[in-house]
Amino acid sequence: MLKKESGNRNNRRRILALIATLSLTSGLVTSCSSSSNGSGGTLLFLTNSEAWTHADPNRNYTGQHIAWFGSFMHRTLTAYNRAEGAAGSEVVADMATDTGRPSADFKTWEFTLRDGLKFEDGTPITCEDVKYGVSRTFATDIITDGPTYAISMLDIPKDKDGASVYKGPYKTDGNDVAAYDNAVTCSSDNKTITFKLSRAVADFNYTVTYLSFSPVPKDKDTGDQYDLAPVSSGPYKIEKYKPKDEMVLVRNENWSKDVDPIRNAYPDKIVVRFGVAEEVRDQIVLSDSEPNAMSLDGILPTNLATIFNEDGTTKPEWSKRALNVYDPYVTYTAVNVSKVSCLPIRKAIYYARDFAALLQLAGGPAFGGDPADGVIKPLMGLDYKPVTGLEDFKPAGNPEKAAALMAEAKTTCPDVYAKATGKGLVFDVGDTETNKKAATIWIDSLKKNAGINLKFNFIEPGQYYAVVFDPTKQGDLSRAGWAPDWANASTVIPELFLETAGFPLSRVGKDPAYAEFKKRAEANLSQSDRKKQGEEWAALNQYVMDNMWVIPGVFSKTQEMWGSKIEGVFFWEPQGAPSFGDIKVKG
Amino acid sequence: MIEEDSGVLSRSPRQLAWLRFRSHKAGVTTLVIATLLILATLFAPVFRTLFGLDPTTRHTDLLNSQGYPKGGFNGISWQHPLGLEPGIGQDLLARLLFGARISFTVALIVTVSTVAIGLVVGIIMGYFRGRVDSVIGRFIDFLLAFPSFFMIVALSLPMIQRLEQSGLLEGNAARVGYLVIILIFFGWPYLSRVIRSPVLSIRERDYVLAARALGASHTRIIFREILPNLWTVVIVYLSLSLPGYLTVEAVFSFLGLGVQPPDATWGLLISDSIKYVLTNPTYFFIPSTALIITVLTFNLLGDAVRDSLDPKSEAS
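Residues numbered from 1 in each chain as written. Chains lettered and ligands numbered in written order. Predicted model: local features only at pLDDT ≥ 70, side-chain atom pairs only at ≥ 80, totals over all residues.

### As for the overall build of chain B
Scanning chain B from terminus to terminus reveals 13 helices and zero strands. N-terminal to C-terminal, the α/β element order of chain B is α-α-α-α-α-α-α-α-α-α-α-α-α. Along the three orthogonal principal directions, the C-alpha set of chain B runs to about 80 × 60 × 35 Å. Evaluated residue by residue, chain B yields a buried proportion of 39% over its 316 residues. (Helix = DSSP H or I, 4+ residues; strand = E, 2+ residues; numbered from the N terminus. Buried ≥ 20, exposed ≤ 12 C-beta atoms within 10 Å, placed from the backbone.)

### Examining helix α7 (residues 148-165) of chain B
Residue and element names in this part refer to chain B. With 18 residues, α7 ought to run about 26 Å at 1.5 Å a step, and its terminal C-alpha atoms sit 24 Å apart, in line with that. Roughly 55° is the biggest bend found in α7, and it falls at Ser156, with proline Pro158 one to four residues downstream. Just past α7, the residue Gly167 takes up positive phi, approximately 80°. (Expected span 1.5 Å × (residues − 1). Bend = angle between axes of the 7 residues up to and from the residue.)

### A word on the sheet that holds strand β1 (residues 42-46) of chain A
Residue and element names in this part refer to chain A. Read from one edge to the other, the open sheet built from five strands follows the order β8-β9-β10-β1-β11, with strand pairing classed as mixed. The open sheet has two edge strands, β8 (236-242) and β11 (293-295), and neither has a second partner. Taking each pair of neighbouring strands and ignoring which way they run, the sheet shows an average axis angle of 20°. With six bridges connecting them, β8 and strand β9 (residues 246-251) associate as antiparallel partners. Bridging across to β9, Tyr241 finds its partner in Met247. In this fold helix α7 (residues 278-286) packs onto β1 and β11, with an angle of close to 135° to the strand it touches most, β11. (Pairing = 2+ DSSP bridges. Axes fitted to C-alpha atoms, helices over the stretch in contact; angles between N-to-C directions. Contact = placed C-beta atoms within 7 Å.)

### Brief notes about the interface of chain B and chain A
The figure often quoted for interface size is the accessible area lost as the parts come together. Counting residues at the interface gives 24 residues for chain B, matched by 28 residues for chain A. Of the residues in the side of chain B that touches chain A, the class split is 10 nonpolar, 11 polar and three charged. (Nonpolar A, V, L, I, M, F, W, Y, C, P; charged D, E, K, R; others polar.)

### Topic: the nonpolar core
If you look at the biggest cluster of nonpolar residues, it comprises 157 residues, and the most contacted ones within it are Val335, Ile345, Ala348, Val375, Ile452 and Trp482 of chain A. With near-sequence residues (within four places) excluded, Val335 of chain A lies in contact with Val340, Arg346, Leu477, Ser506, Met548, Trp549, Val550 and Ile551 of chain A. Residues Leu53, Leu63, Val106 and Leu269 of chain B belong to the second largest nonpolar core, which totals 62 residues. (Core = buried A, V, L, I, M, F, W, Y, C linked by C-beta atoms within 7 Å.)

### As for helix α3 (residues 25-42) of chain B
Three or four residues apart is the spacing at which side chains of an α-helix point the same way, because the helix has 3.6 residues per turn. All names here are of chain B. With 18 residues, α3 extends 26 Å from end C-alpha to end C-alpha; this agrees with the ideal 26 Å at 1.5 Å per step. Within the sequence span of α3, burial applies to Gly27, Thr30 and Thr41. Buried residues of α3 fall within an arc of 70° about the axis and therefore sit on the same side. The exposed residues of α3 that point more than 90 degrees off its buried face are Lys25, Val32, Thr35, Leu36 and Leu39. Next to the buried residues of α3 lie α2 (13-22), α4 (44-51), α5 (92-128) and α13 (281-309). (Arc of directions from axis to C-beta.)

### Some details on the pairing of strand β5 (residues 108-112) of chain A
All names here are of chain A. Looking at chain direction, strand β4 (residues 101-102) and β5 are connected through two bridges and run antiparallel. Each bridged residue has a counterpart across the sheet, and for Pro102 the counterpart in β5 is Trp109. If you look at the hairpin formed by β4 and β5, you'll find five residues sitting between the two strands, and Phe106 has a positive phi there, around 60°. With five bridges connecting them, β5 and strand β7 (residues 192-196) associate as antiparallel partners. Among the inter-strand pairings, Trp109 is bridged to a residue of β7, identified as Phe195.

### Describing the sheet that holds β5 of chain A
Residues and elements named next belong to chain A. A sheet is described by the order of its strands in space; here four strands give the open sequence β4-β5-β7-β6, paired in antiparallel fashion. On the outer flanks of this sheet lie β4 and β6 (184-186), each paired with one strand and no other. Summarising the sheet, β6 and β7 pair through three bridges and their orientation is antiparallel. Counted as the bridge partner of Thr185 is Thr194 from β7. Packed onto the sheet, helix α3 (residues 127-136) meets β6 and β7 and runs at close to 165° relative to β6.

These values are about where atoms sit, not about what they do.
Written out as structure tokens, the structure reads:
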């Protein structure tokens, strides 16, 4: 899943946002009704994004947003356990009565829905609604940016271009609906859904935790526009959603705790205020002027010293209001290999970069994280092995190595060399203050150590992934962060690098090394021996680094803070976000 | 000499103005400061070679693990008289000096261009009167009534892209180019308005009538008879609009319309320093103070120049 591009937008919007914030704060009063179990009150979220990247469950792929919508609005067949630490990575039944019943060969999975499930308008949730929800993933021209596991895993034939013969629910002509009906079937009582898969997937019950496996009522589906008004199956429904302004969730009267074992739904009302300037957002929480507020964007590096000690531990007075933990993400810079088709140049970028300064800018090792050696985090256990061949890496950059690589590039790939040293490579980043400073470090260190010119393309953070996903708009380098969708690198290596995958920012299809990679990765997906599979993922991680398809950043850490009236926050490891659904607001 | 013989010391208007200026204390002080400022920015590359004041060198070793300059007070030392920029560790004085080159260039180009255009149009309006005057006058009304600030903000992205696509300018040059062009476009009418009225009265003076009666051409009348009477207005306007455009440039880079990193202008530095108002106040105060001192200097200097050239006008 994607790491949110958080941070400050440019100042023009900062001022408009400041005006908006000032006018809003005076109008917002925390409701003080509170019952004995801690429910009641208004929970306020602050973000400087202009809107959710996507509220449509099928298009949501940002870990934090999945956690948020999964906690409040969209239910799935199974879900992650709401618990701190490793227990949080266990899968529990959500809308289904159990965590799924696989066939012996793990190619067929069955889930039975609970009784009494309802949408926000009171209509019962049936197997057909889930089936319809899953079908939307196939309409790749309208339902963009979401996870595509349904397409890659379900047993639906592919046409000669490798695309699924089923094109989603919106197309009629040339659309093989029968193929989909064959792969996903509902029982006669409309309660049990059966998925037929094209290969053995032993952890398919983790796949269905994704919101793209949540129910969508067919008669309410407005295609592209569903992003603004998704129908709730969870404890809250949308009262108001206005991008650049705010979102208000109120209780969904048709949701019942009796048929939902995992959601707590303490607050009466949830408000998300968009477009709050980063300094304002931090100051609201730091000064506790709105004690029911929580920041959705992490903390400005400049404010870290107020809350945390230099070694990264929380100061005593903040111990109940902040956390600093390793999240599941690896940050990296995806190299658009179709444009930078020159291995020595890609390596030169890696060696020339002043990593130490970039880490220092992110708050140092105590807050930024540890240098990454690939796209798989050591936490992944089975799938991780330290990457070799990067011994010449020096934190502050290795000019000799970079210069040698550039000299090599000059003869082996003169075209890319001319571009890199002449007009320069285009680097996509979110338009945030921190990224602007990072740009200075990148430009300076690459110019000095390798003679490479960089041009930065600053993109509004909420629009960032939508822009770089578009091959026609993506530059030569794109900042990104990725976390495994569940504890198997099958959600990392193939997802990031296979051409048909969900997040192919490296665009490696034309690279000479791709054919072998494709063969090995696809073979390993159906590997049934988990230990061997893990070893192969580690080997493929090495392969990716040998070809430098990404410039690895950090195994990252994340910081969160919230107001004094907020209780019950813990870090939900698999989603890399606070467990939003367990938050209480004190009266 | 002849003057001594006559017993009366005669002085040209220019000498008189210089005498008045010399006795203007604020004027002399600000002239010295302004000269130093201009020299410092002009010779910033020389300082780089002489004192190592380089805006691109990142002194990351002088920052602590979280990117703050070590030792408090923004890491001020003999090597770095104004300390370092937090997060990236570049020398702040060097950043200010090199940033000022961009700010001053923009302000200077815009001021000179608006004065040139405004002067020509103003003379044309006042001298020819009638239909020419009313057509240009209405166009000026249109420009002045335009919400130029919002126009500049709204047009920035598409216009900068156009400039880049046209291949004339690239990156930061395109951003600065856009700002210069649009500021000139909206800037010249003010001076035209100011110039028009004195021209209206000057063209009726006897010596202009005489010149016309002698058959002098329009060009000769405008350049030899009218223009010399306008220099006072122009010089005063020039000295007051320069600090004005310095501020405008800072405002637009503060809003994210000006140059982007790695280059810096004062507006950009101020915008960055705001985040540090509580955690590193020294850094917060330096760029803002620099801008205040500069604008104040040029404004006072402009006042002093006006007082000396035109003592009859009200002193501010």
